[in-house]
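Next come the chains, spelled out residue by residue.
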Amino acid sequence: MPTIHVRNVPPKLYKRLKSMAKDDQLSLAEEVLKILESAAEEGISRKRHRKALERIVRRAQRWEIPPGMPDSTELIRESRWRDD
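This is a predicted model, so every value here is computed, not measured.

Visitor: Which residues make up a nonpolar patch on the surface, and what values go with them?
Guide: On the surface, a nonpolar cluster with roughly 680 Å² of combined accessible area is contributed by Ile 4, Val 6, Val 9, Leu 13, Tyr 14, Leu 33 and Leu 36. Elements that contribute at least two residues to the nonpolar patch include exactly helix H1 (11–23) and helix H2 (28–62). Mapped onto the elements of the fold, Tyr 14 is located in helix H1. For Tyr 14, a relative accessible area of 40% corresponds to the partly exposed category.

Visitor: Hey, could you go over the pattern of salt bridges for me, with residue numbers and the actual values?
Guide: For the coordinates displayed, the defined rule picks out four salt bridges. Between Lys 34 and Asp 24 there is a salt bridge, and its shortest N-O distance comes to 2.4 Å. With Lys 34 in helix H2 and Asp 24 in the loop between H1 and H2, this pair connects stretches of sequence that are ten residues apart. Residue classification places Asp 24 among the partly exposed positions, given a relative accessible area of 35%. The partner of Glu 74 in a salt bridge is Arg 77, with the nearest N and O atoms 2.9 Å apart. With Glu 74 and Arg 77 both in helix H3 (residues 72–81), this residue pair falls three residues apart, about one helical turn. The partly exposed category is assigned to Arg 77, whose relative accessible area is 44%.

Visitor: Tell me about the environment of Pro 11, residues and numbers included.
Guide: Here Pro 11 lies in helix H1. You can call Pro 11 exposed: its relative accessible area is 60%. Separated by 44 residues in the primary sequence, Pro 11 and Arg 55 have C-alpha atoms spaced 44 Å apart.

Cut-off values and rules
- Residues numbered from 1 in each chain as written.
- Predicted model: local features only at pLDDT ≥ 70, side-chain atom pairs only at ≥ 80, totals over all residues.
- Heavy atoms only, no water.
- Patch = residues over 30% accessible without salt bridge, like charges linked within 9 Å, V, L, I, M, F, W, Y side chains within 5 Å.
- Areas by Shrake-Rupley, 256 points an atom, 1.4 Å probe, with all protein chains shown as cover.
- Salt bridge = Lys/Arg side-chain N within 4 Å of Asp/Glu carboxyl O.
- Helix = DSSP H or I, 4+ residues; strand = E, 2+ residues; numbered from the N terminus.
- Buried < 20%, exposed > 50% of the residue type's maximum accessible area, 1.4 Å probe, protein only.

Shown next, in the form of structure tokens:
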């Protein structure tokens, strides 16, 4: 299994990681691996969300409001102030 060595860990961060490991009843190495895995998954998730958003924006840019159609913002404002 590959190994990663991290140098120059600030003492404050090291203490925080040790405390987190103790709270989770894990070794420091296990806690760091858990954090790295979580960060990697979050990065993948962000990338997926960004790509999905880019697809939505591209689709929206291709869509045009037909001429003569009312502005939806105005329609919403009118409906809010209408007495029913």
